[in-house]
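Understanding the architecture of this molecule
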Amino acid sequence: MNLDEIQLIFFQECDEGLASMEASFGAVRQGHYDNETINTIFRAVHSIKGGAGAFGHERLQAFAHEYETLLDLVRNGALTLTPDLLGTIVSAFDMLADHVTAARDGGEPPADAAMLARLVDAATPDSAGGAPAPAAEAEPEFAPVAFGGDDFDDLFAMCEAPAPAPAGGDWQVTFIPGSDALENGGDPLLLLRELAMLDATVTSVDLSALPLLNQLHPERCYLGWTATVPAAVAEEDIRAIFEFMGTCDLRIEKAGGAPANDDLPFDLPLPVLDAELGAPTPIPPVASPAPPPVPAAPPVAAEAAAPRAAVTPPAQTIRVDLDKLDRLVNLVGELVITQAMLAQRLSEHAMAGISELTDLDHLTRELQESTMAIRAQPMKTVFSRVPRIIRELEVETGKRVRLDIVGEMTEVDKTVVERIGEPLTHLIRNAVDHGLETPAERLAAGKPEEGVVTLSAAHHSGRIVITVADDGRGIDRKRVRAKAIERGIIAPDALLSDEETDNLIFAPGFSTAATVSNISGRGVGMDVVRKNVQALGGRIGITSHLGSGSSFALSLPLTLAVLDGMIVTVGDQTFVIPLGHIVESLRPDQDGVKVLGPNAALLDVRGSYVPVHYVADQLGIEGAETDPSQAVLIVVESDVGQAILMVDTIQDQRQVVVKSLEANYAAIPGLAGATILGDGRVALILDVDALISRWRRDRVTAAPLGIAA
Amino acid sequence: MSPPATSLLPATLDTTAASPLRVALLDQIERGEPVHLDGSEVSRVGLACLQVLASARATAADRDLDFTLERPSEALARMIGVAGLNEALDVAADAGTARDA
């Protein structure tokens, strides 16, 4: 593992740390917090600081340091968490996230001078409104001036100071990096520097293993150090420094509390080094005569865990390259196809009933589900970015917003998680900017000043439904209609249902905002949202009540790699219709279908007339059934309402493995992909939304019916 | 190279610089020449080079040769301090700061 990879892990852990901080802030804001919550925030900042130091991101480290100083004062009760202070802490958190991003992308670090000043200010008890300072003794420890940017003078002086005898309870840190510590691109010096920032004093350096120059391997590490760290520093903080050092011999022990400890050879100060240099006979490593390490870690760990038994133990995880995972998923897909082909071949020989085939079927299905589960990620990864967006919107709009998140642990395929972020951001912005009223308007309407945006995720019949709801003003359908007519989106005399009116806000170029703000209101947002959601095989729905808010529900497939579909034939072709779209399938009576023209027909489906699309005609397939009463009509739900696809026969209903047309051939509008059937033939998967809206459009231009039916 | 000559250490003494530094110092010591180093130009230094320097000093002492590291830059002196190698390299604790401050 090289330094870049380790650094990558560091940034991944930064992200996780930031996410856990965000979650903790959520708890703090709702008043559900205790010391452990604050501790969690503190620890996250601390490990970011530690890693930043180890990888030389000095600006990030300096910022994290000040931040940590303030958090420590909150943690030990020296500062009371007032709303003002919380505001500072949360703003600083956003800047910390910016710093992390800058460090990762090699960009310009954010201008943090003002924020640093705010942090230092907040950490000074007199200026932090009414905070008593009972824990003043902790202050000098973390005095912000002790470490200013990259000025190491104090640090240097500290190292040079004559080694103080370890006071009772100080930590003895013995640290021997592995001989390959330098080969990995790391440098133990950085860790020592980190250690020095915890007010550590290097009391001795073990040079016994250092060979003469002719035997020295220049890139091997031969040294070991012993340092004293003040008792006030938590053991985990010391350990955190060494977190990124893979193979190193680290001992952290409490000095016995007796000055007698000084007599240990363990702690012999520097003069011993000269002796070694004069006569470099190898003497046993300094560390070895030390008493066997006191198993200090387990009790401390237990202690830390004790206050909160309810905390779920961290699940054990490994990080796997996504490419490897994709290859596995692809192979499993191939296996499923091969299994289907085998089943078909066996059935041709009247052997479909053999039990091994059933077993194989179960196994492949289970294997497929397990593989898909590996790629599943909780929505939390997306949701955790939302609080920040809300905070920024609050500042930009002057509105007050509370965010409620429900179901953040709902799992969904990684590709969906990755691609849902942008539409979701648009929806959130829309909810705050257009949905919620200003505080004054809310009060006038008899609502609480603070608006509520609810973000939820839930599994719903094989799909994930993500809802963004606000308790704002709701969609004013009259205004929407007026606007749509003004923009020429609908005809002035068009008859629209409430649902269709609501859906107009997804039309390209539509925006009801009186003024264009830099948040939303350019009339591109909702259009893009729907496109993005459709590209994910999803649908978007609106429920809105004037005066009490709107709710946008995104319904997405859990994975894009497999699809439940109905296999149908049209002429000599086989197609797959995604099951999510299918409402019902039926064979009409002789007079059920009203034929209006050469290729226009309507079917009376329990009282409402639904247009019938002749799939064969529209896709240019010959030899298909033309008599609706001899064909199968499949009622499908699409963005533009219900429609009927007329096909010849239904073959099967099963799960198919989606093969991307884009990756293997080229993207074709109207087709969502392809799959390989059991007989080895390729079947195209219909993109129902795209096809229906195209057919509708074609028909509307041919005969301007408006959106009727 | 005449014995009293002082060699100027390069600006960068990172891990990759350790091997050439070792070879240069080893050559000098094996020729029986004392080692006088000028550290005033050093701006970056890692542990690998500090190890080489410490080992060189021990090796020189083994051969009864002089080894001095003079005029360490602030960066060099700081890192020697952090690594606790002041004694091992015979560099005064305030060497770098006193000169450069």
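On a predicted model such as this, the values are computed, not experimentally measured, just so you know. (Residues numbered from 1 in each chain as written. Chains lettered and ligands numbered in written order. Predicted model: local features only at pLDDT ≥ 70, side-chain atom pairs only at ≥ 80, totals over all residues.)

1. Side note on the overall build of chain A
Within chain A one finds 23 helices and 22 strands. In chain A, which comprises 709 residues, the proportion classed as buried is 37%. For chain A, restricting intrachain contacts to residue pairs at least 6 apart in sequence, the fraction spanning at least 24 positions comes to 70%. (Helix = DSSP H or I, 4+ residues; strand = E, 2+ residues; numbered from the N terminus. Buried ≥ 20, exposed ≤ 12 C-beta atoms within 10 Å, placed from the backbone. Contact = placed C-beta atoms within 7 Å.)

2. Remarks on the environment of Asn430(A)
Residues and elements named next belong to chain A. Tracing the sequence through the fold places Asn430 in helix H16 (residues 414-435). On the basis of neighbour count, Asn430 is assigned to the buried category, with 22 C-beta atoms found within 10 Å. As a C-alpha pair, Asn430 and Asp470 span 40 residues in sequence and 9.7 Å in three-dimensional space.

3. Digging into the confidence of the model for chain B
Residues and elements named next belong to chain B. Across chain B, the average pLDDT comes to 82, with 87% of residues at 70 or higher. Ignoring residues within four places in sequence, the model shows residues 97-101, a span with pLDDT below 50, making 7 contacts including any to other chains. The ipTM assigned to the predicted complex is 0.84, against a pTM of 0.48. (pLDDT = per-residue confidence, 0-100.)

4. A word on the packing of helix H2 (residues 35-54) of chain A against helix H8 (residues 188-197) of chain A
All names here are of chain A. Closest axis-to-axis distance for the H2/H8 pair is 9 Å, and the angle between their directions is 140 degrees. Relative to H8, H2 is oriented oblique. Where H2 crosses over H8, the two elements pack in a sense that is right-handed. For the pair formed by H2 and H8, the contact residues are Gly50, Gly53 and Ala54 on the first element and Leu190, Leu191, Arg193 and Glu194 on the second. Counted by class, the contact of H2 with H8 contains 3 nonpolar, 2 polar and 2 charged residues. (Axes fitted to C-alpha atoms, helices over the stretch in contact; angles between N-to-C directions. Parallel < 35°, antiparallel > 145°, perpendicular 65-115°, else oblique. Left-handed = near helix turned anticlockwise from the far one by under 90°. Nonpolar A, V, L, I, M, F, W, Y, C, P; charged D, E, K, R; others polar.)

5. Points about the pairing of strand S3 (residues 224-229) of chain A
All names here are of chain A. Taking burial as the measure, the 6 residues of S3 include 6 buried ones, the bulk of the element. By the alternation rule, side chains of S3 split into Gly224, Thr226 and Thr228 and Trp225, Ala227 and Val229, which are all buried. The pairing of strand S1 (residues 171-177) with S3 spans 5 bridges and is classified as antiparallel. Note on S3: the bridge partner recorded for Phe175 is Trp225. Of the strand pairs in this sheet, strand S2 (residues 201-206) and S3 are connected by 5 bridges, and their pairing is antiparallel. (Pairing = 2+ DSSP bridges.)

6. A closer look at the sheet that holds strand S13 (residues 573-578) of chain A
Residue and element names in this part refer to chain A. A sheet is described by the order of its strands in space; here 5 strands give the open sequence S20-S12-S13-S22-S21, paired in mixed fashion. Two strands lie at the open edges of the sheet, namely strand S20 (649-657) and strand S21 (671-676), each paired on one side alone. Strand-to-strand twist in this sheet, taken as the mean axis angle between neighbours without regard to direction, amounts to 35 degrees. With 6 bridges joining them, strand S12 (residues 562-570) and S13 adopt antiparallel strand pairing. Within the sheet, the bridge partner assigned to Ile567 lies in S13 and is Val576.

7. Some details on the sheet that holds strand S10 (residues 539-545) of chain A
Residues and elements named next belong to chain A. Here 5 strands make up an open sheet; going across it, the order is S6-S8-S9-S11-S10 and the pairing mixed. For this open sheet the edge positions go to strand S6 (401-406) and S10, each flanked by a neighbour on one side alone. For this sheet, the mean angle separating the axes of adjacent strands, direction not counted, is 15 degrees. Of the strand pairs in this sheet, S6 and strand S8 (residues 451-460) are connected by 6 bridges, and their pairing is parallel. Residue pairing in the sheet places Arg402 in a bridge with Val452 of S8. Against the sheet, helix H15 (residues 386-397) contacts S6 and S8, and its axis sits at roughly 165 degrees relative to S6. With respect to the sheet, H16 is in contact with S6, S8, strand S9 (463-470) and strand S11 (549-557), its orientation differing from that of S9 by roughly 20 degrees.

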